[in-house]
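# Architecture and fold: a report
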Amino acid sequence: MSQPNLVLIGFMGTGKSTIGRECAEKLGFAFRDTDACIERRAERSIAEIFEHQGEPVFRGMESATVRHLANQPDQVISTGGGVVLKSANIALLRRSGIVILLWAKAEEIAKRCSTRRTRPLLTNVEDTLAHVTKMLDQREEYYFSAAHAVVDTTGLGRDRSVDIVLSEYRRLAEIWPKIPPLESPAKHA
Ligand code: S3P
């Protein structure tokens with residue numbers, strides 16, 4: 001029988017792709033990144049899709065990608081930061097595997113995201129930290145209610161984050177699919 005997928009959710013800049021790629025290698029799973037799948041299919045960058053087709057079209061492509069990936073086994077799926085905004089995406093992802101939320105403090109996210117201009121929701125923003133703080137606040141409930149487990153990567157290097165994610169995945173894979181709800185998730189700033 002195949003094992004549950006490992007699904008990484010979380011805000012932009014929390015390390016989903018970097019950590020996901022490493023976890024996939026260690027688990028012997030395929031690595032899939034929803035944004036990369038969308039770009040390949042659309043033959044455009046995410047920034048271009050937002051600019052020329054708009055966010056609602058992007059969200060439709062994102063849901064179609066989730067529907068496609070959620071049906072395949074033995075994968076680490078790294079998702080775009082807004083995937084949690086649609087409950088249908090989350091229902092499919094939770095059914096396909098163990099959903100781990102990568103969290104980080106707003107200050108760290110703002111620092112990590114300030115050097116790259118590939119994220120349409122964070123470009124042309126005057127105060128990145130204020131914007132990230134606001135968006136995190138708006139999305140926090142979505143993230144925590146979608147997750148089977150949470151890993152706070154603030155201040156952690158990649159290797160340590162990978163170790164913690166893998167140990168959470170292995171712990172929960174043992175009891176899969178009977179995973180208890182997250183225990184009163186701590187509020188993060
Ligand atoms: C988004 C996050 C991005 C990408 C798009 C929208 C979001 O992915 O899907 O720019 O709504 O948070 P990353 O989280 O991989 O940067």
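Our subject in this report is the structure included herewith. Sequence order as written defines the numbering, with residues in each chain counted from 1. pLDDT decides what is reported in this predicted model: residues at 70 or higher carry local features, side-chain atom pairs at 80 or more are listed and counted, and totals for whole chains, interfaces and linings draw on all residues regardless. No hydrogens and no water enter the side-chain calculation; it runs on all heavy atoms of the structure.

### Points about the packing of helix α2 (residues 34-42) against helix α4 (residues 55-69)
- Their axes nearest at 10 Å, the elements α2 and α4 cross at an angle of 110°. The angle between the axes of α2 and α4 places the two elements in the roughly perpendicular class. Touching Thr34, Asp35, Cys37, Ile38 and Ala42 of α2 are Phe58, Met61, Glu62, Thr65, Val66 and Leu69, all from α4. All axes are obtained by fitting lines to C-alpha atoms, using only the stretch in contact for helices, and the reported angles, taken between N-to-C directions, cover 0 to 180 degrees. Per the convention used, a helix needs a DSSP run of H or I reaching at least four residues, while a strand needs a run of E reaching at least two, with both numbered from the N terminus. Each angle receives one of four descriptions, namely roughly parallel if under 35 degrees, roughly antiparallel if over 145, roughly perpendicular if within 65 to 115, and oblique otherwise. The criterion used for residue contact is that any of the two residues' heavy atoms lie within 4.5 Å.

### Observations concerning helix α5 (residues 87-96)
- Burial status follows relative accessibility: with a 1.4 Å probe on protein chains alone, a residue under 20% of its type maximum counts as buried, one over 50% as exposed, and anything between as partly exposed. Along α5, the residues classified as buried are Asn89, Ile90, Leu93 and Ser96. Axial view of α5: buried residues confined to an arc of 130°, hence all on one face. Exposed side chains of α5 directed beyond 90 degrees from the buried face belong to Ser87, Ala88 and Arg95.
- The secondary structure elements touched by the buried residues of α5 are β1 (5-10), α4, β3 (75-78), β4 (97-103) and α7 (128-146). This arc describes the spread of directions from the helix axis toward the C-beta atoms.

### Quick word on the site of the ligand
- Nearness of a residue to a molecule or strand requires only that one of the residue's heavy atoms be within 4 Å of it. The environment of the ligand is made up of 13 residues, and the closest members are Lys16, Asp35, Arg59, Arg119 and Arg139.
- A distance of 2.5 Å separates an oxygen atom of the ligand from a polar side-chain atom of Lys16.
- Here a polar contact means two N or O atoms within 3.5 Å. Within protein one must be a hydrogen donor candidate and the other an acceptor candidate, and residues neighboring in sequence count only if both atoms are side-chain atoms. Within the side chain of Arg119, one N or O atom sits 2.7 Å away from an oxygen atom of the ligand.
- Per-residue and other accessible areas follow the Shrake-Rupley method at a 1.4 Å probe size, with only the shown protein chains counted as cover for residues. Coverage of the ligand by the protein amounts to 94% of the 390 Å² it exposes when considered alone.
- Each residue gets one of three labels, nonpolar for Ala, Val, Leu, Ile, Met, Phe, Trp, Tyr, Cys and Pro, charged for Asp, Glu, Lys and Arg, and polar for the others, Gly among them. For the shell around the ligand, the per-class residue count stands at 5 nonpolar, 3 polar and 5 charged.

### Digging into the packing of aromatic side chains
- Note on ring pairs: Phe, Tyr and Trp rings are taken, using the six-membered ring of Trp, and paired if centres are within 6.5 Å. Classes follow the plane angle, with under 30 degrees stacked, over 60 edge-to-face and the rest tilted. For the coordinates displayed, the defined rule picks out 4 aromatic pairs.
- Ring geometry for Phe50 and Phe58: centres 4.9 Å apart, planes at 40°, overall tilted. In terms of burial, Phe50 and Phe58 fall into one category: buried.
- With a centroid separation of 6.4 Å and an interplanar angle of 75°, the aromatic rings of Trp103 and Tyr143 are classed as edge-to-face. On the criterion of sequence distance, the pair formed by Trp103 in strand β4 and Tyr143 in helix α7 is long-range, its members being 40 residues apart.
- Residue Tyr143 is classed as buried on the basis of its relative accessible area, which comes to 0%.
- Counting every residue linked through ring pairs, the aromatic cluster contains Trp103, Tyr143 and Phe144.

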